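Okay, here's what each chain looks like letter by letter:
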Amino acid sequence: MSRGFRRNALIGAGLATALAAGTVVVACQSSGGSSATPKLSVADPYIPLPATPGGMGAGYLTVRNDGGSDRLVKVTSPSAGSVTMHRSTEQTMEEVGELDVPAHGTLDLARGGNHLMIMDWAKQPALGDELELDLEFAKAGTVVVKVPVKPLTYRPGS
Ligand code: CU
């Protein structure tokens, strides 16, 4: 009788511990703070065919983040000698060393805004090519993306 009671008490204690642990996990996921793990995915990547064959090109894509904040710190490509990150202002654009990927938000690289500039092509890009971009994030590490070359005037969803 007393033995049975003790066993039940132990099971009860174990359950309480499991429930407490579960509560901690939930709190961690909903905080979205800088310590939370980023969960990144890349949508709608494309490179418009450069206006001058083999000339400077741009790269556009959207980084979605379902986790904590991260930063895009470097972009490289086996297809090009130079890939830089640019921020557009009203009249001009400037190279930046990194771009923020907000927690539970997106980093948009789009026409008229932040974008990638690509130079020194290993081979002149052509319509239908798929070029690799290696996106290096501060926390999530490297994300490899296959990026299609689209007509100069292409816009996603068109
Ligand atoms: Cu630029």
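Residues numbered from 1 in each chain as written. Predicted model: local features only at pLDDT ≥ 70, side-chain atom pairs only at ≥ 80, totals over all residues.

### A look at unusual backbone geometry
Put simply, the test is: Helix numbering and strand numbering both begin at the N terminus, where a helix is a DSSP run of H or I of at least 4 residues and a strand a DSSP run of E of at least 2. In this scheme the burial state of a residue depends on its C-beta neighbours within 10 Å: 20 or more other such atoms mean buried, 12 or fewer mean exposed, and anything in between means partly exposed; the C-beta positions come from the backbone.
Located in the positive-phi region is Asp44, a residue other than glycine, with phi close to 50°. Along the polypeptide, Asp44 turns up in strand β1 (residues 40–48). Given 14 C-beta atoms within a 10 Å radius, Asp44 is considered partly exposed. A positive phi is found at His104, a non-glycine position, where the angle reads about 50°. Within the secondary structure, His104 is located in the loop between β6 (99–101) and β7 (106–109). Owing to 15 C-beta atoms within 10 Å, His104 belongs among the partly exposed residues under this scheme.

### Structural notes on the pairing of β1
What counts is decided by this rule: Strand pairing is defined by DSSP finding a minimum of two bridges between the two strands.
Taken together, the 5 bridges between β1 and strand β2 (residues 57–65) define a ladder with antiparallel strand orientation. Counterpart to Leu40 in the pairing with β2 is Asn65. Examined bridge by bridge, β1 and strand β10 (residues 141–150) share 2 bridges and lie parallel to one another. In the sheet register, Pro48 faces β10, and the bridge partner there is Lys150.

### Side note on the confidence of the model for the protein chain
Operational definition: Known as pLDDT, the predictor's per-residue confidence is scaled from 0 to 100. Two residues form a contact once the distance between their C-beta atoms, set from the backbone, is within 7 Å.
In the predicted model, the protein chain carries a mean pLDDT of 86, and 78% of its residues have values of at least 70. Low pLDDT, under 50, characterises residues 18–33; the stretch is placed with 6 contacts to residues that sit more than four places away or in other chains.

### Section: the pairing of strand β9 (residues 130–137)
Residue alternation in β9 divides its side chains into a buried set, Leu131, Leu133, Leu135 and Phe137, and an unburied set, Glu130, Glu132, Asp134 and Glu136. By the bridge criterion, 4 bridges tie strand β3 (residues 70–76) to β9 in an arrangement that is antiparallel. For Lys74, the partnering residue across the bridge sits in β9 and is Glu136. Here β9 pairs with β10 via 8 bridges, running antiparallel. Counted as the bridge partner of Leu133 is Val145 from β10. What sits between β9 and β10 in their antiparallel hairpin is a turn of 3 residues.

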